[in-house]
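Here is what each chain is made of, one letter per residue.
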Amino acid sequence: MIKFILIIISMVLVNNYPLAQFLGICPFLGVSDKMDNATGMGIAVTFVIALATAVTWPIQQLLDRFGIGYLQTVVFILVIASLVQLIEMFMKKNMQSLYK
């Protein structure tokens, strides 16, 4: 019985396919009136995710080496927020229509 409860909790909270699909389209919702804007936002999101992965992996290795892995959530939030701000500044300077 415990296994079934854990499976149901897992399906609702962790492996929630509709929620994952909604979060995946979230960046497109604000700019979906034009295909060019949606494409640009999708590229920006993909770039941030790829860059965040490349930046956070060495940081995670350092945190684990020094035994402070419990700080990973705070560090990851800071890294992703910084990357989003950098991309936003770049888009504001170089892609006016997409930024608006």
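The model shown is predicted, which means the values in this text are computed figures rather than measured ones.

## Topic: the nonpolar core
Met 41, Ala 44, Val 48, Ala 52, Leu 63, Val 75, Val 79, Leu 83, Ile 87 and Met 91 together form the largest nonpolar core, which totals 10 residues. Elements with a minimum of two residues in this core: helix H3 (35–65) and helix H4 (72–94). Look past the residues within four positions of Val 79 in its chain and what remains in contact with it is Val 55, Thr 56 and Ile 59.

## What about the side chain of Thr 56?
Tracing the backbone through its elements, the reader meets Thr 56 in helix H3. Judged by relative accessible area, which is 12%, Thr 56 ranks as buried.

## So, the confidence of the model for the protein
Interpreting fine coordinate detail is not advised for predicted regions of low pLDDT. The pLDDT averaged across the protein works out to 79; a share of 78% of its residues lies at or above 70. Within the protein, helix H2 (residues 17–29) has the poorest average pLDDT of any element, 59, and H4 the best, 87.

## A look at H3
In this model, H3 (31 residues) spans 45 Å end to end at C-alpha, consistent with the 45 Å of a helix rising 1.5 Å per residue. At Thr 56, H3 is deflected by roughly 25°, the largest bend along its length, and proline Pro 58 occurs up to four residues later in sequence. Taken together, the buried positions of H3 are Asn 37, Ala 38, Gly 40, Met 41, Gly 42, Ala 44, Val 48, Ala 52, Thr 56, Gln 60 and Leu 63. Of the residues flanking the end of H3, it is Gly 67, one or two places downstream, whose phi is positive at about 70°.

## A short note on the environment of Val 84
By secondary structure assignment, the location of Val 84 is in helix H4. Given the relative accessible area of 39%, Val 84 is considered partly exposed. Sequence spacing of Val 84 and Ile 49 is 35 residues, and the spatial spacing of their C-alpha atoms is 9.6 Å.

Cut-off values and rules
Residues numbered from 1 in each chain as written. Predicted model: local features only at pLDDT ≥ 70, side-chain atom pairs only at ≥ 80, totals over all residues. Heavy atoms only, no water. Core = buried A, V, L, I, M, F, W, Y, C linked by side-chain atoms within 4.5 Å. Buried < 20%, exposed > 50% of the residue type's maximum accessible area, 1.4 Å probe, protein only. Helix = DSSP H or I, 4+ residues; strand = E, 2+ residues; numbered from the N terminus. Contact = heavy atoms within 4.5 Å. pLDDT = per-residue confidence, 0-100. Expected span 1.5 Å × (residues − 1). Bend = angle between axes of the 7 residues up to and from the residue.

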